[in-house]
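An overview of the molecular structure
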Amino acid sequence: MKIFHSINDFASTKKTILTLGTFDGVHIGHKKILNKLTQFQSVGKENEKYESLVLTFFPHPRMVLQEHSDIKLLNTIDEKINLLEKIGIENLVIHPFDETFSRLTAEEFVSTILVDRFHIHKIIIGHDHRFGRNRTANIDDLINFGKKYNFKVEQISVQEINDISVSSTKIRNALMEGDMALSNEYLGYEYFLTGNIVQGKQLGRTIGFPTANLKIDENYKLIPKNGVYIVKSLIDGQTIFGMMNIGFNPTVNGKKQSIEIHYFDFNSDLYNQKIKVSILQRIRSEQKFESVDLLKNQLKKDKKTALSLLQKF
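1. Thoughts on the sheet that holds strand β8 (residues 212–215)
Strand pairing in a sheet is mediated by backbone hydrogen bonds. Such pairs are either parallel or antiparallel. Within the closed barrel, the six strands sit side by side as β7-β8-β11-β10-β9-β12. Their pairing is antiparallel. Neighbour-to-neighbour, the strand axes of this sheet turn through a mean angle of 45 degrees, independent of strand direction. Sheet topology places β8 next to strand β11 (residues 258–263); two bridges connect them, and they run antiparallel. In the strand pairing of β11, Ala 212 is matched with Ile 261. Against the sheet, helix α8 (residues 180–187) contacts β9 (227–235) and β12 (274–284), and its axis sits at roughly 130 degrees relative to β12.

2. A few points about the packing of aromatic side chains
A complete count under the given rule lists 10 aromatic pairs for this structure. For the pair Phe 10 and Phe 118, a centre-to-centre distance of 5.4 Å together with 80 degrees between the ring planes defines the contact as edge-to-face. Taken as a pair, Phe 10 in the loop between β1 (2–4) and β2 (15–20) and Phe 118 in the loop between α5 (106–115) and β5 (120–126) lie far apart in primary sequence, 108 residues in all. Each ring, one from Tyr 263 and one from Phe 266, has its centre 5.9 Å from the other, and the planes form 70 degrees; the classification is edge-to-face. Here Tyr 263 and Phe 266 have matching classes, each one buried.

3. Section: the packing of helix α7 (residues 168–176) against α8
Orientation of α7 relative to α8, taken along the N-to-C sense of each, is 155 degrees, at an axis distance of 8 Å. As judged from the angle between their axes, α7 and α8 are roughly antiparallel. The interaxial crossing formed by α7 with α8 has left-handed handedness. Across the interface between the two elements, Lys 170, Ile 171, Ala 174 and Leu 175 from α7 touch Met 180, Leu 182, Ser 183, Tyr 186 and Leu 187 from α8. Residues of the contact of α7 with α8, tallied by class, amount to seven nonpolar, one polar and one charged.

4. Some details on the pairing of β9
Burial within β9 is extensive, with seven of its nine residues counted as buried. Connecting β9 to the next strand, strand β10 (residues 238–247), in antiparallel fashion are two residues, including Asp 236 with a positive phi near 50 degrees.

5. A word on the nonpolar core
Membership of the largest hydrophobic core comes to 51 residues, with the highest contact counts inside it found for Tyr 191, Leu 214, Met 244 and Tyr 263. Looking at this core element by element, the count peaks at five residues for helix α3 (residues 77–87). Excluding residues that lie within four positions of it along the chain, Leu 214 makes contacts with Leu 193, Gly 195, Asn 196, Ile 197, Ile 259, Ile 261, Ile 275 and Val 277.

6. Focus on the environment of Asp 302
Structurally, the position occupied by Asp 302 is in helix α10 (residues 292–309). Under the relative-accessibility criterion, Asp 302 is labelled buried at 4%. Each C-alpha atom of the pair Asp 302 and Gly 21 lies 40 Å from the other, and the pair is 281 residues apart in sequence. For Asp 302, the contacting residues outside a window of four places in its chain are Val 228, Met 243, Ile 283 and Arg 284. Of note is the side chain of Asp 302, whose polar atom sits 2.7 Å from the side chain of Arg 284.

7. Here's the deal with the sheet that holds β5
The strand order across the open sheet formed by six strands is β1-β4-β3-β2-β5-β6, and the pairing between neighbours is parallel. Looking at strand neighbours, the two that pair on one side only are β1 and β6 (152–156), the edges of this open sheet. Averaged over all pairs of adjacent strands, the angle between strand axes in this sheet comes to 20 degrees, irrespective of strand direction. Taken strand by strand, α3 contacts β1, β3 (50–58) and β4 (91–96), and its axis lies near 160 degrees from that of β4.

8. With respect to the packing of α5 against helix α6 (residues 139–149)
Packed helices, taken two at a time, are described by their axes: the angle between them and the distance between them. Two elements in contact, α5 and α6, have axes separated by 11 Å at closest approach and are oriented at 50 degrees. By the angle between their axes, α5 is oblique relative to α6. Remark: the crossing between α5 and α6 carries right-handed chirality. Across the interface between the two elements, Ala 106, Glu 107, Val 110, Ser 111 and Val 115 of α5 pack against Leu 142, Phe 145, Lys 148 and Tyr 149 of α6. Classifying every residue of the contact of α5 with α6 by side-chain character gives six nonpolar, one polar and two charged.

The rules we used
Residues numbered from 1 in each chain as written. Predicted model: local features only at pLDDT ≥ 70, side-chain atom pairs only at ≥ 80, totals over all residues. Heavy atoms only, no water. Pairing = 2+ DSSP bridges. Helix = DSSP H or I, 4+ residues; strand = E, 2+ residues; numbered from the N terminus. Axes fitted to C-alpha atoms, helices over the stretch in contact; angles between N-to-C directions. Contact = heavy atoms within 4.5 Å. Phe/Tyr/Trp six-rings, centres within 6.5 Å; stacked < 30°, edge-to-face > 60°. Buried < 20%, exposed > 50% of the residue type's maximum accessible area, 1.4 Å probe, protein only. Parallel < 35°, antiparallel > 145°, perpendicular 65-115°, else oblique. Left-handed = near helix turned anticlockwise from the far one by under 90°. Nonpolar A, V, L, I, M, F, W, Y, C, P; charged D, E, K, R; others polar. Core = buried A, V, L, I, M, F, W, Y, C linked by side-chain atoms within 4.5 Å. Polar contact = N/O pair within 3.5 Å; in protein donor to acceptor, adjacent residues only side chain to side chain.

Everything listed here is a matter of geometry and, on its own, says nothing about what the molecule does.
Quick look at the structure:
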């Protein structure tokens, strides 16, 4: 997959079949659209006519246009790139979204970007897509622009995605409730966190539960509801299961939220490594215990619970 960090960086003599959107989560609804792109590109390769292109934006438009927006995203930009690459997209344009771009009228966007820059042959779009200044243009306007500028518009109908009425907002809400079953079903994969392992207070080591402390640099990444979760990571080519605590460590009067993973039957040094942690299930809320010994007893119970539940994953 070729990656371009601005619309102006993209140059091709071939016509494109494209779609556009924020694609936060690259969930099963998004894949309905994205898979259609790859179907067309395989036809295009035979004819050497078309190539697939996804136009997305960073930062998320709501971060720019809504002054006090505290939106958290399902994917960091690197995570999104990896997910799109797995689908088989040929070209990804990540355009810096700013107020100047947001002021383009719908026709300016179509004529100067879709037509002049991307040489559009066809656009594949969701039934509810809106675009242009103040998001005033809809699918009917796009169809009219297609007639005027000679490109096709393929709409993903309500009926076509009715059986998977999914949105990034629904997934965010599920994660904030700790509902991993629902969020993972809608995503089509296990929600994951990516970060570097850093040194913590090492309390876990003293009570027989050494933990890897995950530091996520991107403050816009959505962290699920505080609590204890069953997780897995691919480390040195092996799938390692464990349990993860998201929270403030109230038993030892912690002040900052931390993400700590205790991997089962694993003793290697992970410091400074970048780790992907896939989240399988939430098993309980974070609790404050009257003593470290009581915390240790609960962790033993958590491990037993996690190991018994792992049989279904």
